[in-house]
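# Fold and geometry: a report
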Amino acid sequence: MWDSNGLVVLIFVGCLAGAVFGDRYNEELTISRLPTNALLANFRFTIDSDGDKLGPDYHLFPRLVAEMIKSHDIAELELAFAQGRWRLDEWGLQTQPAIPTGAHLIAWINGKNESAIDAEWTNLVDSLNGIFCSSISSISKHLTASPKQTLKMNGVKKENGKMMQVRYGAVPEESLCTENLTPWRKLLPCKSDGLISLLNPYSIYATTYSTMGLNVIRLCQEKTCHWRLNAHISVVFETNLEALEAGILFDTLFKRDLAGRCSVAESSRLLIRKGNDEIDFSPSPKSIHGEGHHSYAVFDLNDKDLDLRKIEFTYKNVDASRREPAIGIFTVQGGVDQQSGTLKTRIINSDRGSKTVTLMHILPWFMRIYYGSIQMKCQLLGGSKENVIPAVLSKNFKESLIRTSPSTIEWQFVLLHESMCEFEFEFDKAHMRIWDYPPDANHGMYAAGALLVIDDKEGRLHNHRPILGDYVNSAYEQLVNPTLPYPLSYSVFSNPILVSLPVPDFSMPFNVICFVLTVVSFCISPVLRYTTSMIMITDGVTLEKNRGRNLVRVLLLGLCGLAIYAQVNEMSTSDIRRKIEELFRKLNDMGSM
Amino acid sequence: MTSSGGGESRSDKRKGAGEVRKRKSCTLDTEVADVAQADEIQSKRVKNDEDGVLKVRTRHKKSNSLVITVLGGTILRILCYLFIYDYLSKQPQLSTPFVSFQRLQSGVAMLKDGVSPYDGDTILIQPIVLHVFSVIWSAPRWVLLTAYIFLDLLAAASIRDAVQAIFKELNYKDPDDYAAMAFKFYFLNPLTICTSAILSLATIYNSLLTLFVYAFCKSALVTASVLLGVIAYFSLYPIVLVISLWIRLRTFKKISASLGILALTLAGLFYVNYALNGFSTSFVKNCYGMLLTLDDLTPNVGVYWYFFAQIFNPMRVFYLFVFQLILPTMCLVLAFTLRNDVHFHLLISLILIAVFSSYPTHADAVVYMGLLPIINEIRIYERRQLLLICTGVTCATFLPITWHMWMVSGSGNANYFFAVSLFYNLAQIFCAVDILYMKLMRDAHVVMDPQRKKKIDIKTIEFF
């Protein structure tokens, strides 16, 4: 009874505080054990704006982001980086929002027409590139796609009579490092207090998988709208059972302790997923929310009684039952030469329910896709290995443009229960101008992996998630508020691929130009000669002698003689030059005398 | 007027003397009057019964050899299609994006799925071709192969008749023998066989081109103009053959009529394509824009792909203009020199098209190769025939090898393939230049010394 009263009071105070300060700031760290005994730590910092109008006074909502939204007329934005690959088969579904290896950027932009939207997008990519010290500008050059079916908006569009379109770009070779973290950290109101103090670059970038991202959404509840900025970081620490049983402190994971509390944070929580494990918490949490797979011990870090340095959890008994991965997706490349290849994306559904899925491939222009070769084969898993005909609901295909835009493939189909589908097609590898190749051309070029969006209205995949929380809501919000829907769809990314492209010889542009022009001149000069001159038959009479030509011959003979003389005397060129200089000096002397 | 005659080297003189000697031995062959005389004598002899029997036998032999040619060519094509289709269809010297069967397949699939093929720039094939193929797509593949073999037969027959017509028009001897040779030369040419075995669109375009050549030789104004319009519509560069057609027709009335028919054909075809493409001109930038801008740098046997992969960006547009203007300029210039020898102008234009078009294949070369027997009468002036033949054969052999070295085994780089394709083009260019040289020499000879009695020495008098 007291608890619920307390909650009501808390909410009331929260509302009051909101009314006073306008913007709200919440922070949350969720820690979850993955099936391989690795630990997933997911930070989420949420800033809610006061109202629909951003500015001109800014309290907590970062002015940088607000001005970007206003100047580019953005309805929704997501920018995320990931270093390493999320192992779907070992770790379960990706944390939502899912992030591909490298970086990706999604923006819903309002504009008068498509070209206006494209212009805004180019500016947006460049400004984000500058802000986050990244190298994603290749998106605006040739990696911009506008998929039609796969991406759905999570927020609400502002009605301003303009058309809205989505733009998507992914850069698989982007790497994530400290220089990206620093500007990201600067967006948040607390820069060195609170949960953010745990983000020690030395420890989080020494792991196998780490992500960083932010999204901006416009949310509406009964005509009152506000903007929400979610800044999130996920890190997977490779630990083992012994370490888990020895006890985990913040210091063990982050090599750093929590430094103080963030005073402007409305809430600051630590969630540790308990699941079916037996965990000793010290100090013991006030409450354990949820049940089954998604049960969490919740610590309120703003609680003054809690000693932040002493939070420790020790795994007593680990739930060893390995859950079969529900969804698997990976992309492989076939072909032995640099001329062409096949791309095969295998999608596995081990779940008992069939699902409607959308597969999206955004492939750079240097992969020239043969549309006629696109095919999908499905097969039931298990003993029978029976081939089934996939039910393709809709297709969208957009061809690539050379040096301008990537090709987009979107296939929506029904993925049958316990089945495996293979989506494959052939492509030619394009030849590029030598100035378009990256410095290390023989390494090859990266192509982004496929995105698979799985509709899950029945909530069958809910228990395959390592943590709660989705694109909009944080884990705690989903935990305490069961009316918030489970995410209706999940997205997973397959691995990026490295395409080895045919390369020209970079060392000889001048040679090529000279050779080709020589060959062309071999055609032009005789044609010119024969068409502008006349062939005569002289009656055996030799015409007058050409003195000029004879002079040239004499000169050539002289040169040959000189060369032979130099060869016989074993003279080097410098000797010859010296002798000639001496000769000239003598001549000069003679002249002056 | 300055002369360069005096400075000729001794070896040249010796060569000249050799030519004279050679020519003397051939005097009988080349003299038209003599030939006619010889024919008369021969026809008198034929009256003999024994000779009549012989003639019948030779005819039998000829028909036998025709059957063998057709059968052999067909079997070779079927074998190539059955066993090395995958290998051949990946060879850049046989298929470019403009004629590739795989691209056609993609285009047809897009058309059937309602995806606009011309939004991107992968499909470089005209809408009418896509629509025609989408109609016959459900037919089994062997039907298509049979159709391709028939098209090749048609092309070979047109070449044969064209050569025959040229020989008759120029009063050359043995028209039938050389025509049969042209037929074999075309139908059994390994390059033709490979081109049709991979179902390349070039086979279709070539059959149209050879039909045009036949109509040209027969002076069929309307047919030639229409065919030229069609073929120029599909592969653009043969439009320069209109210059040959002009100098063939000579009178202003005929030229304007043919121009009108040509323009009508082009406009009609364009409208049909425009309508088939949903009243949109989006196909133009793919089908013709790509030919002119060379954005797709897929290697081929031409000289341009590597050049435009390597050229510095600021000079790109300049060289595009230069290279695209070479072909029409040369054909135009040659038209003044060869205005009395339209067949040779046609032959040289065909060679230049095979060299200077943006995306040439071996298929461009086979048409002029089929017509080469018409240089038989002027062959005595040849300068490097053996060298050219050897270069051609060597390059055709080395191209797939260097391609494999570059693309598959990685033991060679792009320069190997480029060097071989460069020499291949050099051989073709020298072939064209030599034909021009031989023709001019013969003309000079006939005009200046028809009796062949003077002691002669051939000099080039330069005007500047």
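Residues numbered from 1 in each chain as written. Chains lettered and ligands numbered in written order. Predicted model: local features only at pLDDT ≥ 70, side-chain atom pairs only at ≥ 80, totals over all residues. Heavy atoms only, no water.

Attention shifts here to the interface of chain A and chain B. Taken together, the contact pairs 60 residues of chain A with 79 residues of chain B. Summed over both sides, the interface between chain A and chain B buries roughly 6,600 Å², with carbon and sulfur atoms accounting for 65% of that surface. Connecting chain A to chain B are 5 salt bridges. A:Asp428 is the partner of B:Arg103 in a salt bridge, and the nearest nitrogen-oxygen pair spans 4.0 Å. In this assembly, chain A and chain B are joined by 23 residue pairs in polar contact (both at pLDDT 80 or more). Contributing elements (two or more residues each) for the side of chain A that touches chain B: strand S17 (367–369), strand S20 (391–398), strand S22 (419–429), helix H11 (509–532), strand S27 (534–538) and helix H12 (547–568) of chain A. The element that contributes the greatest number of residues to the side of chain A that touches chain B is H11(A), accounting for 18 residues. Taken together, the residues of the side of chain A that touches chain B sort by class into 34 nonpolar, 13 polar and 13 charged. (Contact = heavy atoms within 4.5 Å. Buried area = accessible area lost by both parts, 1.4 Å probe. Salt bridge = Lys/Arg side-chain N within 4 Å of Asp/Glu carboxyl O. Polar contact = N/O pair within 3.5 Å; in protein donor to acceptor, adjacent residues only side chain to side chain. Helix = DSSP H or I, 4+ residues; strand = E, 2+ residues; numbered from the N terminus. Nonpolar A, V, L, I, M, F, W, Y, C, P; charged D, E, K, R; others polar.)

Let us look at the pairing of strand S16 (residues 355–363) of chain A. All names here are of chain A. Along S16, 8 of the 9 residues are buried, which leaves the element largely enclosed by surrounding structure. Note that S16 and strand S21 (residues 407–415) share 9 bridges and pair antiparallel. Note that in S21 the partner of Thr356 across the bridge is Val414. Of the strand pairs in this sheet, S16 and strand S24 (residues 451–455) are connected by 4 bridges, and their pairing is antiparallel. Bridge assignment links Leu359 to a residue of S24, and that residue is Leu452. (Buried < 20%, exposed > 50% of the residue type's maximum accessible area, 1.4 Å probe, protein only. Pairing = 2+ DSSP bridges.)

Time to look at unusual backbone geometry. Cis peptide bonds are those with omega within 30 degrees of zero, and the linkage from A:Gln96 to A:Pro97 qualifies with -5°. Along the chain, the position of A:Pro97 falls in the loop between helix H3 (88–91) and strand S4 (102–111). Positive phi, close to 75°, is recorded for A:Lys223, a residue that is not glycine. The residue A:Lys223 is located in the loop between strand S6 (209–221) and strand S7 (224–237) in this model. Exposure remark for A:Lys223: the relative accessible area of 84% places this residue in the exposed category. Of note, the phi angle at B:Leu199 is positive, near 55°, even though the residue is not glycine.

Right, let's talk about the UniProt feature "transmembrane region" (unreviewed entry) in chain A for a bit. Residue and element names in this part refer to chain A. Mapped onto this structure's residue numbering, the UniProt feature "transmembrane region" (unreviewed entry) falls at residues 508–530 and 551–568. Annotated as residues 508–530, this span is 96% helix and 0% strand, and its ends, taken at the C-alpha atoms, are 34 Å apart. For residues 551–568, the end-to-end C-alpha separation is 26 Å, with 100% helix and 0% strand making up the annotated structure. (UniProt positions renumbered as here; feature names shortened; annotations may be inferred.)

Residues and elements named next belong to chain A. As summarised here, the arrangement of the 10 strands in space is S5-S4-S3-S6-S7-S2-S1-S9-S12-S11, forming an open sheet in which the pairing is mixed. The sheet is open, and its two borders are formed by strand S5 (163–171) and strand S11 (287–289), each paired with just one other strand. Across the sheet, the axes of successive neighbouring strands diverge by a mean angle of 20°, strand direction being ignored. Bridge count for strand S3 (residues 74–83) against S6 is 7 bridges, and the pairing is antiparallel. (Axes fitted to C-alpha atoms, helices over the stretch in contact; angles between N-to-C directions.)

Here we take up the sheet that holds strand S13 (residues 312–317) of chain A. Residues and elements named next belong to chain A. Here we have 3 strands laid out as an open sheet, ordered S8-S13-S10, and antiparallel in their pairing. Looking along the sheet, the strands with just one partner apiece sit at the ends: strand S8 (248–249) and strand S10 (278–282). In the sheet, S10 pairs with S13 via 5 bridges, with the strands oriented antiparallel. Opposite Ser282, over in S13, you have Glu312 as the bridge partner.

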